[in-house]
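Read off the chains here:
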Amino acid sequence: MTHHHTASPSTVDGLAVVVVAAGSGTRLGYGLPKALVPVAGRSVLEWALGTVRQALPTAELVVTVPEGDTELTAAAHRSGATAVTGGPTRAQSVARALAALPERATHVLVHDAARCLTPAAVFERVVAALASGSRAVVPVTEVTDTVRGVDAAGRSTGTVERSALRRVQTPQGFERHLLERVNTAAGLLPVVPAGDAPDENAGAPAEGAAPQPVVGPDGDPEGITDDASLVERFAPEQPVDLVAGHEESFKITRPVDLLLARALADARG
């Protein structure tokens, strides 16, 4: 895995950003879709779209929204984005957004709306890595807590060496053909007809390289937690490169995260 330095985001043409905003926000306990929850006078989605537009003003923008939504769709349209109805899971929502991308999009960033305060510099680092030839890029931060492993019974198996661990964030960046290929292999996108399949330069897998998906009860392949894990599972020959994330790119999941986001948004003014 390789670390890349910052370069101008304008060095990648055909850039699209998928903002995932179809989550229910059940764990947040606010009684609203998470992307509609207010943070310092603006919704989570409005903050997220603002950070994307600040970092990548010319990128194509697609937002996934819950079924039957009107408010998030309106916010997406105000930002010049296309809104598409998401699926029952995050992975299925991303696949639907991929299917809605314009043909001219050659590279895709996938970003969680719940990481609504991600600094522009993180977007720039991911795009710079794509511009330098990476096909899959993930922003990460170091693990600072002590981490302990456990066995199937919940008993401690000892302290895990944290120097080899990283916390994964978004936006995650990909060459479009690669992301479409692994989504297809995972059963999340329709199979591409043979005549329309990407050529070898688009990263065709080695024979027998990608395992068949084992589908969980929610319809997603088991063990898939983000887009980079799809690449690792279904295109194992393809390295996933790392760039520096940021502590302010945390995901709003629990009530305490919302308190932190509001304090940070207030501090930014």
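Each remark here, short or long, concerns the structure printed above.
Everything numeric here is computed off the predicted structure, so don't read it as measured data.

Visitor: What am I meant to see in the overall build of the protein here?
Guide: Each helix and strand counted, the protein has 7 helices and 12 strands in total. Sorting the 269 residues of the protein into buried and exposed places 49% on the buried side. Here the protein displays about 13,100 Å² of accessible surface, and carbon together with sulfur accounts for 52% of that area.

Visitor: Would you mind showing me how to read the packing of aromatic side chains here?
Guide: The description of an aromatic ring pair uses the distance of the two centres, along with the angle that the planes make with each other. For the structure on display, the rule yields 0 aromatic pairs. Positioned above the aromatic ring of Trp47 is the side chain of Arg42, whose terminal nitrogen or guanidinium carbon lies 4.3 Å from the ring centre.

Visitor: Just checking my understanding: could you explain the pairing of strand S1 (residues 15-20) for this structure?
Guide: Within a regular strand, the side chains alternate between the two sheet faces. Within S1, 6 of the 6 residues are buried, which leaves it mostly tucked inside the rest of the structure. Burial along S1 is two-sided: the residues Leu15, Val17 and Val19 and Ala16, Val18 and Val20 are all buried. Here S1 pairs with strand S6 (residues 107-112) via 6 bridges, running parallel. Paired with Val20 across the bridge in S6 is Asp112. In terms of strand pairing, S1 meets strand S4 (residues 60-65) through 5 bridges, oriented parallel. Among the inter-strand pairings, Val18 is bridged to a residue of S4, identified as Val62.

Visitor: Would you explain the side chain of Gln172 in this entry?
Guide: Along the chain, the position of Gln172 falls in strand S11 (residues 172-175). If near-sequence neighbours (up to four positions away) are discounted, Gln172 is found in contact with Val108, Leu109, Val110, Val126, Val137, Val138, Pro139, Asp226, Asp227 and Ala228.

Visitor: Before we go on, may I ask you to explain helix H4 (residues 120-131) in this structure?
Guide: Each turn of an α-helix holds 3.6 residues, which means side chains three or four residues apart point in the same direction. Between its first and last C-alpha, H4 extends 16 Å over 12 residues, near the 16 Å set by a 1.5 Å rise per residue. Taken across its 12 residues, H4 has 9 buried, putting it largely inside the fold. Looking at the buried positions of H4, the neighbouring elements they touch are S1, helix H1 (44-55), S6, strand S7 (136-142), S11 and strand S12 (241-244). Gly133 occupies a position one or two residues after H4 and carries a positive phi of about 115°.

Visitor: I tried to follow unusual backbone geometry on my own but got confused; where do I start?
Guide: In most cases, non-glycine residues show a negative phi, while peptide bonds are predominantly trans. A cis geometry characterises the amide bond from Thr170 onward to Pro171, with omega recorded as 10°. The phi dihedral of Ala40 falls on the positive side, at around 50°, and the residue is not glycine. By secondary structure assignment, the location of Ala40 is in the loop between strand S2 (38-39) and strand S3 (42-43). Its relative accessible area of 36% is what places Ala40 among the partly exposed residues.

Visitor: Teacher, can you tell me more about the pattern of salt bridges here?
Guide: Oppositely charged side chains may form a pair once their charged atoms are brought near each other. Scanning all chains against the criterion turns up 12 salt bridges. Between Arg90 and Asp227 there is a salt bridge, with its nearest N and O atoms 3.0 Å apart. In this pair, Arg90 sits in helix H3 (residues 90-100) while Asp227 sits in helix H6 (residues 227-234), placing the two residues 137 residues apart along the sequence. Overall, Asp227 belongs to the buried group, its relative accessible area being 2%. For Asp112, the salt bridge is made with Arg115, and the minimal N-O distance between the two is 3.7 Å. Across the pair, exposure class does not vary: Asp112 and Arg115 are buried alike.

About the criteria used
Residues numbered from 1 in each chain as written. Predicted model: local features only at pLDDT ≥ 70, side-chain atom pairs only at ≥ 80, totals over all residues. Heavy atoms only, no water. Helix = DSSP H or I, 4+ residues; strand = E, 2+ residues; numbered from the N terminus. Buried < 20%, exposed > 50% of the residue type's maximum accessible area, 1.4 Å probe, protein only. Areas by Shrake-Rupley, 256 points an atom, 1.4 Å probe, with all protein chains shown as cover. Phe/Tyr/Trp six-rings, centres within 6.5 Å; stacked < 30°, edge-to-face > 60°. Lys NZ or Arg CZ within 6 Å of the ring centre and 35° of its normal. Pairing = 2+ DSSP bridges. Contact = heavy atoms within 4.5 Å. Expected span 1.5 Å × (residues − 1). Salt bridge = Lys/Arg side-chain N within 4 Å of Asp/Glu carboxyl O.

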